[in-house]
Structure formats: C-alpha cells, structure tokens
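Tertiary structure, described
These are the residues of each chain, in order.
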Amino acid sequence: FLAGNMEEVIRGFRDLTGQAAMLPKWAFGYIQSQERYETAEEIVNAAKKFRETGFPADAIVLDWMSWEGELWGQKTFDPKRFPDPAKMVRELHEMDMHFMMSIWPVMDPACEDYREFQEAGLLLPNSNVYNALCREGRELYWKQVERSLFGHGVDAWWADSSEPVTPEWERPKKPVPAEMYRNYVAEAGKVLPVEKANAYGLYHSSAIYEGQRSVTKDKRAVLLTRNGYTGSQKYGSILWSGDISASWETLKKQIVAGLQFCSCGLPYWTLDIGAFFVKKGEPWYWNGEYESGIEDMGYRELYVRWFQYGAFLPVFRSHGTDCRREPWNFGEKGEPFYDALWNASQLRYRLLPYIYSLAGAVWKQGGMMMRPLVYDFPEDQKAAGISEQYMFGPALMVCPVTEPVCYQKNSVPVHDPKKQIKVYLPGGTVWYDLYTSEKYSGGQEIMADISIERIPVFVRAGAVIPTMEPEESTDRMEGKDICLLAYAGADGSFDLYEDAGDGYGYEQGEYCVTTVSFCDKEQKVEWKTEGDERFRRGEIRVKVIG
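To keep things clear, this report deals only with the structure shown in the data block. (Residues numbered from 1 in each chain as written. Predicted model: local features only at pLDDT ≥ 70, side-chain atom pairs only at ≥ 80, totals over all residues. Heavy atoms only, no water.)

A few points about the packing of aromatic side chains
Counted by the stated rule, this structure contains 48 aromatic pairs. Relative to Tyr356, the ring of Phe28 has its centre 6.0 Å away and its plane inclined at 70°; by these criteria the two rings are edge-to-face. Here Phe28, found in the loop between helix H1 (6-17) and strand S1 (30-32), pairs with Tyr356, found in helix H11 (residues 352-365); they are 328 residues apart in sequence, far enough to count as distant. You'll find Phe28 and Tyr356 in the same group, each marked buried. Centre to centre, the rings of Tyr309 and Tyr390 are 6.1 Å apart; their planes meet at 80°, and the pair counts as edge-to-face. Residue Tyr309 is located in helix H9 (residues 297-310), and its partner Tyr390 is located in strand S10 (residues 390-392); the two are separated by 81 residues in the primary sequence. Judged by its relative accessible area of 0%, Tyr390 is buried. The rings of Tyr30, Phe50, Phe55, Tyr290, Tyr299, Tyr303, Phe307, Phe316, Trp328, Phe330, Tyr338 and Trp342 are connected pair by pair, giving a single aromatic cluster. Of note, Arg213 hangs over the ring of Tyr504, and the distance from its end group to the ring centre comes to 3.6 Å. (Phe/Tyr/Trp six-rings, centres within 6.5 Å; stacked < 30°, edge-to-face > 60°. Helix = DSSP H or I, 4+ residues; strand = E, 2+ residues; numbered from the N terminus. Buried < 20%, exposed > 50% of the residue type's maximum accessible area, 1.4 Å probe, protein only. Lys NZ or Arg CZ within 6 Å of the ring centre and 35° of its normal.)

A few points about empty space enclosed by the protein
On inspection of all chains with the given rule, the structure shows 2 cavities of 30 Å³ or more. Considered as a void within the structure, the largest cavity measures approximately 160 Å³ in volume. Every residue lining the largest cavity is counted, 19 residues in all, and those nearest its centre are Lys25, Met468, Glu478, Ile482 and Glu498. Mapped by element, the contributors of at least two residues to the lining of the largest cavity are H11 and strand S19 (492-499). Broken down by element, the lining of the largest cavity gets its largest block of residues, 4 residues, from S19. Along the lines of polarity and charge, the residues of the lining of the largest cavity split into 9 nonpolar, 3 polar and 7 charged. As a volume, the second largest cavity reaches approximately 40 Å³. Grouping the amino acids of the lining of the second largest cavity by side-chain chemistry returns 5 nonpolar, 4 polar and 1 charged. (1 Å grid on protein atoms, 1.4 Å probe; cavity = no way out; pocket = protein on both sides within 12 Å on 5 of 7 lines; lining within 4 Å. Points joined across faces, edges and corners; volume = space filled by probe spheres on them. Nonpolar A, V, L, I, M, F, W, Y, C, P; charged D, E, K, R; others polar.)

A look at the pairing of strand S2 (residues 59-62)
The alternating pattern of S2 places Ala59 and Val61 and Ile60 and Leu62 on opposite faces, both of which are buried. Of the pairings in the sheet, the one linking S1 to S2 comprises 2 bridges and is parallel in character. Looking across to S2, one finds that Gln32 is bridged to Ile60. Running through helix H2 (residues 40-53), the crossover from S1 to the neighbouring parallel element S2 is right-handed. Note that the unit made of S2, helix H3 (residues 85-94) and strand S3 (residues 98-103) has a crossover that is right-handed. (Pairing = 2+ DSSP bridges. Right-handed = clockwise from strand over helix to strand, strands pointing away.)

What follows is the structure, given as structure tokens:
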C-alpha cells in the first residue's frame, strides 16, 4: 500500500518496481520519423536537409522493413537499399544525428532468425513470436540484434508490436471494448500464459536493455515501445500511444491519455505528432479526417498544434503514414505554419537544460516530467478537475490548443475564429505568460491568446528555469552558457542536473547538481554545485523576471 501525495506515491512505486533509467541527452531533442524511409540514401538526404535548413533535430528513424523482401522481422539490412549500413550511420553521426530503427518480436518463418529460434525451441507456442519470458530467449534475441544491427552503430531501438498479440487488427469493424478484451484474452492465451500477456513488453524491453548493457557502457539504451508494464521504466522504455488518427478530437483525448499514463508512474510518454493515420482507409482503425493530407491547410494547422503540444512532452517525436512529416513540407520560412513549427522547436531546445534536469530528477528522485495540475496543486479543487492543461516540470503550465483558428477540413477558412481561450491559473501563486512576461494572480480564469504562432504557456512565481541558446542539435549545444530565468513573486529553487549526456557513468556518481536558490525579497539568485564538477561546463548568467 503506497500512501502520501501523488509525488510520494510515484516515488514509492519506483522504490518497489525500479528507478527509471536516464535516457541520453539527445533523446530529449526532436526525433524525426515517418512511415517510412526506404533507403540509406533517403535517410542521409533527409538528415542533410535538416542541417541545411537549420531546423533542429537529433535523431532520424527507420520504420519497418529494413530487411530484404518479405522476411518480416529479420534483423538485417537489405543489401540493395542499405548497401553499407555502417557508412550510413557514420554519415549521420558526422552531422550530429542519431539513428533509431524498428525491430520486431515476430519473424517470418522463411527468415534465418526465425529458424534459429525454432531450432533452439525458443518460440512461443502456436506463433512466430520469440519467447521473451525466458532468459535464453532474451539472450538469443539480443545476440541476433548485436550480430547484424548494433555493430553498425545503431543508437536506439523501436521495439514495435511488443504486445505481441493484436487480434483487433484483423476485425473488419471496431469491436466494442468488452469484445476486444475478450478476444485478446482468448488469442493471447493460445500463445503465452494469460496472466503474463500484458507483461510481454516488459520482458521484451529487458532483452534489449540488458543485452545492450552487456556489450557497452558507453551508449545508454533507448527503447521506443508500444507496450510496457509495471517496471518498464528501469529499461529505458519510452511508450507511445499507438496508431492514432488525425482529428481535433483525437488531439484533445491524447492530452488526457498522456496524463493518465504518466500518473501510473512511468515517466517517458510520447505520441505520433500529427497522428499516424491522416486519411481514411478500409480498416476501421485507419480513420483520419484529411483525405488531401498536407495539401489540406486544415491538416497543416492541426499538425502545427500537435507539434506545439509535442514540444512539451517528455519525448518530442513526429511519425505517421499517408503524407510526409519533415517540417519543410508544411511551408517555407516566412509562412505562418512553418514559422510556428520553427518557433516550437527553438523553444524546445532553449529549454533543454531545464528538460534534462527534469530527467535527472526522474532518475534521482523518482520525479515526473509531465503531470496533471492536481499533482502540484492538490488543494485547488478547480485545478483538480482540469485535464486539458498540465504541468511540465514544476515551473511550466502548458495549455494546448485543441480547435482550429485558421482552417477547417478541405482548407475551408474558419468563420469568425476564436482568438482566445479560457485558461485557469491555479491559486496560491502568481503566474507569468512565458512569452510576454505579463503577470497574473492565481485562482482565476483568464483569456489567453491562441494565434497560430504558439500555444499558451505560463510560469509560476518562484520558478527558476535554466535555458540555453538553441542550436541544430543537443551535441552542438554542449558546454554553452546557461541563462537562469528567475520569476519574482515567491522564493524558489531548482536543481540543474548535468552529466556526460550518454553512458552509465552517472550511476557511479559522474554527474553534478547545481542547486539554484532565488530569494524574492532580495531579488537575488545564488547557487551551489555538488558532485563531479567536470560536468559544470558553461558560464551561468541570471535574469530576474517580474
């Protein structure tokens, strides 16, 4: 039984199930993905375009079908499309771009990986899925990954289809929830013990995490997985919300879904910015509302709002099918939608010292990056009932925009669009507009601007936010000066966390924490650094706001 406030309960949950592993610093930059890049040349050229445009990005993702032909799940590169995988990854690294690729627990019976598992007797019954529930199965899985993929320099893994049973995908119409659950239990029970069915993703993550740690201490494991379980946080797991469809209603529901998920104690959640499905397809789940894709100005606006919201998630990642997802497909410099994407990415990278420090608190103190308002304002009954605003760390309250102000579907202009939305500022503190520094009393509703340039974000008084001038990648920001923004109206403090940015030295104390204290009465900021001071690299400047 875990008792206490939400922070104490989550900390207790981690004490029982494992502390969250630190992700590498680059994983908190922008991750570019889509369904799908098909060749090494296409991947490298996309990375080059990011560097040419200056649009910040830290990773690019190869979705399914790295393999040759129809050999689904084979852990190799097709030699025709990826003639020299090591050269491809090396070229990406030279641009300070990391490489994530999709790997699967299912394998086509015609592929060599499947035959190796079959001969070892390490497949789940009645399936082409490897047995992650036993140590031998997990070790063989990693052996295949290391042998054919990791040696090329791959930085991160997309552990897709980690359920691994998905009978609902075969249904012509969407089952009602009770029927979907019954069907899942029946089908999963044919493959593995039903009581462990939901935990398969946990075992699968441990295969990759422990496997990678067995061969290197220099590269932190990063796992994007569609399925997890209690304890997944200790394996560097990032979970995402699956193959969602493009609509304003879906965007609105994703905010609630993310808060519910993180409230369960798993800290790293993300989604497909812009939704996976943009158009309508024959299967019931292929249910987007924008048949013209990015040619529809209505979809462009929806994508921008999703992107602005995504910039305030633990992991900032775009992905989807039906249309291209690179930012230059949404306009050009000087055009409102492209400029809005640019501004959101610049803000994400400007806040990188703050975001990485939140990750440090996740590991070190059992903290949460993204949390509902009730987490920070338990005494405010009105705040407790709000699910479309949330805290991103202790300082920032994010208010995503979930309705169009420019275009409806089919590029139809919005008639008499709203220019503002109601935002509730929780009581007991003063609040500042992040962009204008305008000051407001808490405990009231205000009207906040929702022009396309940005979404409303507010800073609580006493907040100390470390910032840094943004660059094209996290690597290129290393060692730059830090500007501490201190917001007047209350005393406050913040722990600036710094380490090598990768590797597992942090577990042996190779990090430093600079505790920054702000005295409101004296309008004075002081700081004290403890730990390994090799990692306190840039100069610190201070700006008091208010």
